[in-house]
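Overview (structure and organization)
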Amino acid sequence: MKVGYIYSNGLLKFNFHAEENSGKAKMARKTCKFYLPADWTLKSVHPDLLALATILIVYPFCGSKITLPFGVSQLFHNTFRQITKKIVYPINNDLKPRISPKLSKPALAYSGGVDSTAALTLLPQNTQLFFLDRIIPHDMPQNSRYNKQSAHFACHSLRKLGKSVHLIKSDFEYVRNPVGFPIDVACAIPGLLLADYLRLDSMAFGTVMESAYRVGHLEYKDYSETHHYNTWGKLFQIVDMPFNQVVAGISEVGTSKIVLNSPYKALAQSCIRGNLNNPCLNCNKCFRKQLLNSTLSGKTLNDKFLSRLFLIPEAGKYISKLPIKHENVLTYITAHYQGNFHIMKLLKKKTRGDLLNVSWMEKWYSPSLLLLPEKYRDYVKNRILESLEVMTPQDEKNVKSWNLIKSSASPKYKKYNEQFITALNNHKKNKPRKNPGK
């Protein structure tokens, strides 16, 4: 693949000339753009940073070789080749690897949701927030279920509170078919492009324990030993923008707890379809987050509320699977449920809410501190301890022993799942569906 760049008055355009197009994701468009500060230029960014930003857009369909109009450092070339078995050319033998400037600051890929807001709460005051302001290419239908109203409100509110928030418009998600991030950490691209311009030294995400350590999925994995960390984590290190995974040792239960007790409680909204302060209540995320927030707030989950949530079609498909994605969160919720709503009681049995100790989900998994740059470890640790307890050795054992492989294959839990699906289907038949958001 050959890549070209055009820059003028704050608009950076990428042009791609693909020679190969393999894999599940296909390249749908050969150009994308980013709207950056007017005084930013291609000379404002180290070539290795620009190369990494480019790779995050084209990696799934770049083939075995990427050719840029400028040279990268020998170290970046060698590391990329060693890790991915792909090549980025040309090499500038006179170019030294990027080193973050003195008096540099951390960056956060901010979404406006609960998990990235928890990360914001734990990071230093001078953290630079980057909101990827997604735009649709002008030649495509301008309709989308994605609603930015709540996130925009959060960004502008944080600015009023003195936070440095950068809304960077881009349409790069449309390079990929189906539309979306080519690589999950592509939300860091604005921060990479502005890393030298704003003097940045690390990149934080709202990556929680469920994603980092796979708790809530089939089985626990040490994030530092995963392919994700040893590919993208190392490439970010090479450009001196190491991952700053401040919430990786905190479950979705813990991040929700942090935000509910933070000054940003009213700003965080994980639903990306609803309006400001009005989640759609018609998606998987709303199903889980509404139940979790109610549980943490000590609210009674009344039958009418539960009935409406269980009528969400998308949620019905999500919770009918065995296992369920982020199942640990539902285990936590159902473990605290003491009511008699039939479907909820069956969900409790299916997710082992009647058996497992769930208190560890409210605590911090301290080995995750090693996923932070040393510069920020003490600060973040102290911030976490203001909100959460540290896991005990037994709690850590519960994390590492998380496993859904046996329960998913168990005849007993298959039977529970069948009973749950039958009850859910009967509920849908007996209750005319109304919009849960009304």
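Above: the structure in question.
Residues numbered from 1 in each chain as written. Predicted model: local features only at pLDDT ≥ 70, side-chain atom pairs only at ≥ 80, totals over all residues. Heavy atoms only, no water.

Every buried residue of helix α15 (residues 393–400) is accounted for by D395, E396, N398 and V399. Seen end-on, α15 carries its buried residues on one side only, within an arc spanning 155°. Residues of α15 that are exposed and point more than 90 degrees away from the buried face comprise P393 and K397. As for α15, its buried residues are in contact with α6 (209–212). (Buried < 20%, exposed > 50% of the residue type's maximum accessible area, 1.4 Å probe, protein only. Helix = DSSP H or I, 4+ residues; strand = E, 2+ residues; numbered from the N terminus. Arc of directions from axis to C-beta. Contact = heavy atoms within 4.5 Å.)

Moving on to the nonpolar core. In summary, soluble globular proteins display a tendency toward joint burial of nonpolar side chains. Grouped together as the largest cluster of nonpolar side chains are 137 residues, with contacts concentrated most on F236 and F310. Here this core takes nine residues from helix α1 (residues 47–58), the largest share from any one element. In this structure, C280, L281, C283 and C286 belong to the second largest nonpolar core, which totals five residues. (Core = buried A, V, L, I, M, F, W, Y, C linked by side-chain atoms within 4.5 Å.)

When glycine is set aside, most residues are seen to have a negative phi, and most peptide bonds are trans. For the peptide bond that leads from Y89 to P90, omega is -5°, which places it in the cis range. Mapped onto the secondary structure, P90 falls in strand β6 (residues 87–91). Note that the residue after L322, namely P323, is joined by a cis bond; omega there is 0°. Within the secondary structure, P323 sits in the loop between α11 (313–319) and α12 (327–335). At R214, a position not held by glycine, the phi torsion is positive, near 65°. Within the secondary structure, R214 sits in the loop between α6 and α7 (227–238). Look at R214 and you get partly exposed, because its relative accessible area is 31%.

Bridge analysis of strand β5 (residues 65–72) against β6 gives four bridges, and the strand direction is parallel. Its bridge partner lying in β6, V72 is registered against I91. Crossover handedness for the path β5 to helix α2 (residues 74–84) to β6: right-handed. (Pairing = 2+ DSSP bridges. Right-handed = clockwise from strand over helix to strand, strands pointing away.)

Aromatic ring pairs are reported here in terms of the distance separating the ring centres and the angle at which the planes meet. Under the defined criterion, the tally for this structure stands at 20 aromatic pairs. Between the aromatic rings of Y59 and W232, the centroid separation amounts to 5.1 Å while the plane-to-plane angle is 85°, which identifies the pairing as edge-to-face. In this pair, Y59 sits in the loop between α1 and β5 while W232 sits in helix α7, placing the two residues 173 residues apart along the sequence. Y59 sits in the buried class, given a relative accessible area of 19%. The class for W232 is buried, based on a relative accessible area of 5%. For the ring pair F172 and F181, a centre distance of 5.8 Å and an interplane angle of 15° mean the geometry is stacked. (Phe/Tyr/Trp six-rings, centres within 6.5 Å; stacked < 30°, edge-to-face > 60°.)

With that settled, consider the pattern of salt bridges. Per the stated rule, a full pass over the model turns up 13 salt bridges. D171 is the partner of K33 in a salt bridge, and the nearest nitrogen-oxygen pair spans 3.1 Å. Of the two residues, K33 is situated in strand β4 (residues 31–35) and D171 in the loop between β9 (164–170) and β10 (176–177); the sequence distance between them amounts to 138 residues. A single burial state applies to K33 and to D171, both of which are buried. For E386, the salt bridge identified is with R383, shortest N-O distance 2.9 Å. (Salt bridge = Lys/Arg side-chain N within 4 Å of Asp/Glu carboxyl O.)

These values are about where atoms sit, not about what they do.
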